[in-house]
Amino acid sequence: MVLFAVGLGATFGSVSVAEGASAQNQIQREAEISDVRIGQHGQRTRVVLDVDRELKFEIFTLPDPYRVVVNLPEVLWKLDDAAVPENKGLLSRMRYGLFAPGTSRMVLDVKGPVNVANSFMLKPVNGGRWRFVMDLAPTSETEFLEALAQQRAKARQSLDELVAKVTPDSPPVLATPTLSKDQRATSVAVIAPRRPSVSGKRIIAIDAGHGGVDPGTIGVGKTYEKNVTLAMARDLRTALEATGRYKVVLTRDRDIFLRLRDRVQVARDANADLFISIHADSVPNRKTRGLSIYTLSERASDKEAAKLAAKENKSDLIAGIDLSSESKDVTNILLDLAQRETMNQSARLAQELVGELRRQVMLLPNSHRFAGFAVLKAPDMPSVLVEAGFLSNRQDERNLLNSGYRQSMAGAMVKGIDQHFIGTEEARIH
Ligand SMILES: [Zn+2]
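Calculation criteria
- Residues numbered from 1 in each chain as written.
- Predicted model: local features only at pLDDT ≥ 70, side-chain atom pairs only at ≥ 80, totals over all residues.
- Heavy atoms only, no water.
- Buried < 20%, exposed > 50% of the residue type's maximum accessible area, 1.4 Å probe, protein only.
- Helix = DSSP H or I, 4+ residues; strand = E, 2+ residues; numbered from the N terminus.
- Arc of directions from axis to C-beta.
- Polar contact = N/O pair within 3.5 Å; in protein donor to acceptor, adjacent residues only side chain to side chain.
- 1 Å grid on protein atoms, 1.4 Å probe; cavity = no way out; pocket = protein on both sides within 12 Å on 5 of 7 lines; lining within 4 Å.
- Points joined across faces, edges and corners; volume = space filled by probe spheres on them.
- Nonpolar A, V, L, I, M, F, W, Y, C, P; charged D, E, K, R; others polar.
- pLDDT = per-residue confidence, 0-100.
- Contact = heavy atoms within 4.5 Å.
- Pairing = 2+ DSSP bridges.
- Core = buried A, V, L, I, M, F, W, Y, C linked by side-chain atoms within 4.5 Å.
- Axes fitted to C-alpha atoms, helices over the stretch in contact; angles between N-to-C directions.
- Donors = N, O, S within 2.8 Å, 3.2 Å for Na, K, Ca; no water.
- Phe/Tyr/Trp six-rings, centres within 6.5 Å; stacked < 30°, edge-to-face > 60°.
- Lys NZ or Arg CZ within 6 Å of the ring centre and 35° of its normal.

If you look the protein chain up in an unreviewed UniProt entry, it shows as N-acetylmuramoyl-L-alanine amidase from Magnetovibrio blakemorei.

Here you go:
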């Protein structure tokens with residue numbers, strides 16, 4: 001048995017529980033996790049978290065690659081990022097952070113198939129802290145997969161029960177209009193006209209890459225990509241809104257995980273005119289520096305771009321999401337005419353941004369590149385991904401941590417975005 005739900009119903013993480021948790025947080029601050037330790041006892045690897053109170057938890061395992069995921073109520077992680085254990089016993093790496101409002105998560109990458117032999121909360125001894133304890137034991141692949149099948153069957157059953165409980169009160173599902181074959185054929189080529197925003201302002205969606213349980217890349221000076229992307233997104237928002245011409249929607253405005261498709265959805269729900277995803281890269285060569293901008297394409301412009309897209313597309317996997325029921329090939333791009341037109345507009349935006357940014361910051365050679373980024377796949381919203389620099393380079397890392405530098409970068413991006421809309425207007429008039 002792999003799944004342990006201690007003192008929790010099957011609805012852990014669902015809306016009702018999450019709301020309950022955040023309501024509770026208003027009265028009582030979150031639990032604090034102050035230390036993490038890994039010990040090896042014979043074949044078993046023990047994971048211990050020190051915490052200031054008893055916690056409810058849920059554990060499950062995932063394949064491809066082998067992972068152990070621990071869901072907790074929203075907690076404060078008071079850990080020294082630089083001292084988080086890695087490559088000990090069965091553990092290769094671990095990460096932690098906010099997964100969704102009300103739910104924190106710890107994800108452990110393990111070296112092979114494991115089972116959770118034990119998991120419990122230990123009461124404080126002599127005025128010490130509560131401890132969360134989990135023992136991992138090596139297992140065979142067959143046993144791992146059997147346990148996984150049981151775990152999934154149980155999850156499905158809980159979901160069915162939940163649906164059965166909820167359905168009687170739910171509003172009727174609206175029928176989806178059925179299209180004839182011809183209608184379907186034409187519908188792919190048509191972009192629905194955008195509603196102008198109420199204020200008459202252009203709406204720009206800014207997506208701070210990674211977040212919460214997904215730290216992104218980690219710099220030479222231990223800077224987390226998720227933190228600099230959020231700082232850049234906020235600075236760009238300030239610069240855009242200061243013009244009075246733009247309304248900005250951030251996909252996230254705190255240290256929280258978001259699925260790639262949800263990032264795009266936030267932008268679409270806001271009826272955004274542009275989508276700008278912000279990241280920072282790292283590579284083994286510490287001398288590599290400079291900013292580059294990526295747009296979607298069926299074929300990557302170069303090997304590095306393809307590699308980068310593969311890395312950025314792994315975010316959901318890193319956060320401990322079971323992707324087994326989804327298409328494995330996230331870079332698969334179904335192109336239709338609307339998407340092609342959007343891709344042309346995205347490429348133009350990238351050129352305009354590069355044109356302005358080169359006056360302010362150092363660029364990577366071939367500053368505009370192409371690859372199959374999952375987050376750039378909105379068919380009707382021009383989208384670019386900015387890799388603002390390399391956290392593997394000391395100077396780039398220092399720059400991205402500097403608010404003056406970020407502001408001049410944001411200023412250049414505002415000019416590029418202005419250029420883009422001037423161009424779009426001219427194309428419409430002629
Ligand atoms: Zn990234």
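Draft legend 1. Region of interest: helix H6 (residues 303-312). Residues of H6 that are buried include every one of Ala305, Leu308, Ala309 and Glu312, and no others. Taken down its axis, H6 places every buried residue within 100° of arc, on the same side. The outward face of H6, more than 90 degrees from its buried face, is lined by the exposed residues Lys303 and Lys307. Of the residues that open H6, the one with a side-chain oxygen 3.3 Å from the backbone nitrogen of Glu304 is Asp302.

Draft legend 2. Expanded view of empty space enclosed by the protein. This model, assessed by the stated rule, comprises two cavities of 30 Å³ or more. Reported here for the largest cavity is a volume of approximately 70 Å³. Along its surface, the largest cavity is lined by 14 residues, and Leu260, Ser277, His279, Glu312 and Val375 are the ones closest to its centre. The class makeup of the residues in the lining of the largest cavity is four nonpolar, six polar and four charged. Empty space within the second largest cavity amounts to approximately 50 Å³.

Draft legend 3. Representation of the confidence of the model for the protein chain. Taken over all residues, the pLDDT of the protein chain has a mean of 84, while the share at 70 or more is 81%. In the predicted structure, residues 1-25 sits below a pLDDT of 50 and forms 38 contacts with residues beyond four places in sequence or in another chain. Considering only residues more than four positions removed or in separate chains, one finds that residues 328-333, a stretch of pLDDT under 50, has 13 contacts.

Draft legend 4. Molecular detail of the pairing of strand S16 (residues 383-390). Among the eight residues of S16, eight are classified as buried, and the element is accordingly described as predominantly covered. Bridge analysis of strand S13 (residues 274-281) against S16 gives six bridges, and the strand direction is parallel. The residue of S16 that forms the bridge with Ile276 is Val384. Sheet topology note: the strand S14 (residues 291-296)/S16 ladder contains three bridges and is antiparallel. Of the residues in S16, the one forming a bridge with Ser292 is Glu387.

Draft legend 5. Layout of the nonpolar core. Leu357 and Ile417 are the most contacted members of the largest nonpolar core, which totals 38 residues. When contributions to this core are tallied by element, the ones reaching two or more residues are strand S11 (202-208), helix H4 (225-242), strand S12 (246-250), S13, S14, helix H8 (337-357), S16 and helix H10 (403-429). The leading source of residues in this core is H10, at eight residues. Other than its neighbours up to four places away in sequence, Leu357 contacts Leu291, Ile293, Leu363, Met409, Ala412 and Met413. Counting 31 residues, the second largest nonpolar core, distinct from the first, contains Val68, Leu72, Val84 and Trp130.

Draft legend 6. How the structure looks around the sheet that holds strand S2 (residues 31-41). On the basis of which strands lie adjacent, the open sheet formed by five strands has the order S6-S2-S3-S10-S9 and mixed pairing. Taken across any chain shown, the strands that pair with only one partner, and hence form the sheet edges, are strand S6 (75-77) and strand S9 (114-122). Strand-to-strand twist of the sheet, defined as the mean angle between neighbouring strand axes without regard to direction, takes the value 30°.

Draft legend 7. Inspection of the coordination of the zinc ion at higher detail. Surrounding the zinc ion are the protein donor atoms His210 (NE2), Glu225 (OE), His279 (ND1), Glu312 (OE) and Glu312 (OE), which sit 2.0 to 2.4 Å from the metal. Donor residues for the zinc ion, ordered by position in the chain, follow H-x14-E-x53-H-x32-E. With Glu225 in helix H4 and His279 in strand S13, this residue pair connects regions lying 54 residues apart in the sequence. The exposure class assigned to Glu225 is buried, which follows from its relative accessible area of 2%. Here His279 falls in the buried class, since its relative accessible area comes to 6%.

Draft legend 8. Region of interest: the environment of Val414. Topologically, Val414 is positioned in helix H10. Sequence separation between Val414 and Ala239 is 175 residues, and the spatial gap between their C-alpha atoms is 6.9 Å. When near neighbours in sequence (up to four residues on either side) are disregarded, Val414 contacts Leu236, Ala239, Leu240 and Thr243.

Draft legend 9. Quick look at the packing of aromatic side chains. Taken as a whole, this structure holds six aromatic pairs when the rule is applied. On the basis of an interplanar angle of 65° and a centroid distance of 5.4 Å, the ring pair of Tyr294 and Phe373 is categorised as edge-to-face. Taken as a pair, Tyr294 in strand S14 and Phe373 in the loop between strand S15 (363-371) and S16 lie far apart in primary sequence, 79 residues in all. An identical accessibility class is assigned to Tyr294 and Phe373; each is buried. The cationic tip of Arg105 hangs over the ring face of Phe99; the distance from NZ or CZ to the ring centre is 3.7 Å.

Draft legend 10. Geometry of the sheet that holds S16. With mixed pairing, six strands are arranged side by side in an open sheet as S12-S11-S13-S16-S14-S15. Of all the strands in the sheet, the pair left with one neighbour each is S12 and S15. Put simply, the sheet's adjacent strands are angled 25° from each other on average, direction ignored. Here five bridges tie S14 to S15, and the two strands are oriented parallel to one another. If you follow Leu296 over to S15, its bridge partner there is Ala371. The strands touched by H4 are S11, S12, S13 and S16; relative to S13, the strand with the most contacts, the crossing angle is about 140°. Seen against the sheet, H6 touches S13, S14, S15 and S16 and runs at an angle of roughly 65° to S15.

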